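# Structural overview
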Amino acid sequence: MKKDEQNNPEAMERERFFRKMMLDNLKSTSTIDSYELQLFDWYIRETEQLIAGMLSAEKTYIQEQIDVGTEDVNDSGIVAAEYYLKRLRYSHVIYMTSLLESFLERSCEKLTNIIGKQNMPFNIGDLTGDQWSVKRKFLERYGNFKIPKNIFSEINILIFLRNNFVHDNGSTSELKNQEKAMLDKQPWVNLSGPEIVIEADYIHSAFKAIKSLIQFVEARLGDIADRAIHPKIVA
């Protein structure tokens with residue numbers, strides 16, 4: 001479009017109309033499918049019930065052997081059930097962190113579309129840090145808001161655990177003293193053995209933190225879209 005056409009009142013009105021349509025659409029569109037959150041919540045409950053049933057059945061079988069005086073008690077079933085429990089909860093942590101990464105990435109894209117890339121002097125690639133912290137910095141800088149520390153402190157624990165599970169398979173041997181101290185303070189995380197053990201309540205708590213983060217950021221992005229749709233007129 002030529003410069004004189006851009007300054008044409010009708011062309012400017014069309015541009016404002018289409019931008020408003022775009023902003024309305026962005027405001028009403030969630031960055032995360034609500035069904036994804038609901039289904040994962042259901043998946044957590046279902047798998048925990050399955051694990052509880054497996055462990056209960058194996059403990060009953062062991063007790064039956066003890067009651068009849070079996071000298072060499074077969075506990076292989078409970079060993080397998082506990083291994084399944086560990087692997088499943090580790091996978092929950094890894095999945096939640098991937099979900100978090102997807103949410104932050106889509107939120108950055110949404111914020112960019114609301115504000116306009118031409119109004120951003122730097123992009124995510126210009127920031128330093130891990131893939132989660134740079135997206136947080138980007139959102140806070142251009143969104144002009146701060147994610148509450150109580151939410152992201154738990155998110156940071158989740159990310160740390162994810163990195164350990166992916167790179168060290170849950171081993172505690174490579175943990176530094178300050179890292180052990182950090183995890184010792186975390187409820188439902190156990191470091192008493194050679195591997196990190198996480199309880200069911202930790203999974204529920206971490207997922208609750210992610211949902212709180214999603215609700216907070218989505219609300220802020222909605223506010224920013226509102227201000228873009230209805231800009232204040234400075235007298």
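Further up the page is the structure itself.
Bear in mind that the values here come from a model prediction, so they are computed numbers and not experimental data.

Right, let's talk about the pattern of salt bridges for a bit. Tallying each qualifying case throughout the model produces 8 salt bridges. D41 is the salt-bridge partner of K211, the closest N and O atoms lying 3.9 Å from each other. Taken together, the positions of K211 in helix 8 (residues 200-229) and D41 in helix 3 (residues 34-67) put the pair 170 residues apart, joining distant regions of the chain. Here D41 falls in the partly exposed class, since its relative accessible area comes to 23%. Between D223 and R220 there is a salt bridge, with its nearest N and O atoms 3.5 Å apart. Linking D223 with R220, this pair stays in helix 8, spanning 3 residues, or about one helical turn. By relative accessible area, which is 24% here, R220 ends up partly exposed. Bridged by salt links that share partners, the residues D41, R45 and K211 form one connected network.

So, about the layout of surface pockets. Here the largest pocket is characterised by a volume of approximately 250 Å³. What lines the largest pocket is a set of 15 residues, and nearest its centre among them are E82, L85, K86, R89 and V197. By residue number, the principal contributor to the lining of the largest pocket is helix 4 (residues 76-115), which donates 7 residues.

Cut-offs applied
Residues numbered from 1 in each chain as written. Predicted model: local features only at pLDDT ≥ 70, side-chain atom pairs only at ≥ 80, totals over all residues. Heavy atoms only, no water. Salt bridge = Lys/Arg side-chain N within 4 Å of Asp/Glu carboxyl O. Helix = DSSP H or I, 4+ residues; strand = E, 2+ residues; numbered from the N terminus. Buried < 20%, exposed > 50% of the residue type's maximum accessible area, 1.4 Å probe, protein only. 1 Å grid on protein atoms, 1.4 Å probe; cavity = no way out; pocket = protein on both sides within 12 Å on 5 of 7 lines; lining within 4 Å. Points joined across faces, edges and corners; volume = space filled by probe spheres on them.

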